[in-house]
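Here's the letter readout for the chains.
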Amino acid sequence: MLACITMLAAGQGKTLYQLTIANPKLGSTNAFETAWKAHVQKYHKGDNKRTVHEILSGDHAGKFQLISGPSAFADMDTERPTDMAHDQDYDKTVVPAVQAMSGSYVYRHADTLSYNGDVTAEKFFTTIYNVRRGKFNDFTAEIKRAVATNKAINSPNSYNTYVKLWTGTSPQIVIVSNLKNGFKQMDAGFAPSTSAAFKEQYIKIFGQEQWDKRMTAVMDFVESSEVFISKLRKDLSSAP
């Protein structure tokens, strides 16, 4: 992200999340879950917890997001006396049931790009935006306008926005909508007045011309995008 990400990355505190995607071998999902549960109980408690989401749609359906955080950069320096035993247990018990582990990515939670983000939910709608070069600031400015509008109308929506770190020339923004009431929130008419109220308030604050630009913002600012739904797997996550 170069200079574009610097402003967001300069804040202090525990705002970082590390993500790995586990893809169980065909026919080995139960074996993976059993091995992962035992591994988590042994090594991922206290300040080293893991949260697991199961992806339910799209090309990655059936895969698991293994999430650690929130943390700070200083936490990356931590070396635990159990690290060697952890790695040996993981390699011996979990890896045999896994076809592939996709990367180890770090994201920063962007509070100024999020709205009503403290809502507790167990089901989620995620949109991944791969932003065009040179358009990061334009895209985040539009997200901030949406946040301001949602606040003005006291929208029932809830979402958290994350910025992928160390992406070089391929900036990425991820918006996770928290579906407090479940997937039925995606049904048309669940919040019938919200869309009209959003448009009216947006134009009131930012003007018709800016609204017209918003209609093509994704096309103008985003190279590609991906969407999927997922659910929290409490049974595979560390105990609260």
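Caption draft 1: Highlighting the confidence of the model for the protein. On average, residues of the protein carry a pLDDT of 91, and 95% of them reach 70 or more. This stretch, residues 1-11, has a pLDDT under 50; its non-local contacts, to residues over four places away or in other chains, come to 22 contacts.

Caption draft 2: Quick peek at the pairing of strand β4 (residues 98-109). Pairing of strand β1 (residues 16-24) with β4, which is carried by 8 bridges, proceeds in the antiparallel orientation. From the neighbouring strand, L16 faces β4, where its bridge partner is R108. Pairing geometry for β4 and strand β6 (residues 159-164), over 3 bridges, is antiparallel. Paired with H109 across the two strands is Y162, which belongs to β6.

Caption draft 3: Fine view of unusual backbone geometry. Here G69 and P70 are connected by a cis peptide whose omega angle stands at 5°. As for its placement among the helices and strands, P70 is situated in strand β3 (residues 64-71). Its identity is not glycine, yet N154 carries a phi of approximately 50°, on the positive side. Take N154: it is sitting in the loop between α4 (136-152) and β6.

Caption draft 4: Spatial organisation of the packing of aromatic side chains. Within the structure shown, the criterion is met by 11 aromatic pairs. Between the aromatic rings of F32 and W36, the centroid separation amounts to 6.4 Å while the plane-to-plane angle is 15°, which identifies the pairing as stacked. Remark: W36 and F32 occur in helix α2 (residues 29-43); sequence separation between them is 4 residues, near one turn of the helix. In this pair, the class of F32 matches that of W36, namely buried. Of note, K164 hangs over the ring of Y105, and the distance from its end group to the ring centre comes to 4.1 Å.

Caption draft 5: A look at the side chain of H86. Relative to the helices and strands, H86 resides in helix α3 (residues 83-94). In this structure the side chain of H86 is engaged in a polar contact, spanning 3.1 Å, whose partner is the side chain of H39. Within the structure, H86 has its side chain in polar contact with the side chain of H44 (distance 3.2 Å). Among all residues touching H86, those that are not within four sequence positions of it are H39, Y43 and H44.

Calculation criteria
All chains use their own residue numbering, which begins from 1 and follows the written sequence. With the structure being a predicted model, the display of local features is reserved for residues of pLDDT at least 70 and the display and counting of side-chain atom pairs for 80 or more, all residues being used for whole-chain, interface and lining totals. Excluding hydrogens and water, the side-chain figures rest on all heavy atoms present in the structure. Scored from 0 to 100, pLDDT reflects the predictor's confidence in each residue. In this description, contact between two residues means that some pair of their heavy atoms is separated by no more than 4.5 Å. A pair of strands is considered paired only if DSSP assigns at least 2 bridges between the two. Numbering of helices and strands runs from the N terminus; a helix is a DSSP stretch of H or I covering at least four residues, while a strand is a stretch of E covering at least two. Any two of the Phe, Tyr and Trp rings considered here, Trp counted by its six-membered ring, make a pair once their centres fall within 6.5 Å; the pair's planes then place it as stacked at under 30 degrees, edge-to-face at over 60, or tilted in between. Accessible area is worked out with a 1.4 Å probe on protein chains only. A residue is then buried under 20% of its type maximum, exposed over 50%, and partly exposed in between. Remark: a charge is flagged as sitting over a ring if the NZ atom of Lys or the CZ atom of Arg is within 6 Å of the ring centre and within 35 degrees of the ring normal. Pairs of N or O atoms are called polar contacts if they sit within 3.5 Å, as long as, within protein, a hydrogen donor faces a hydrogen acceptor (for residues adjacent in sequence, only side-chain-to-side-chain pairs).

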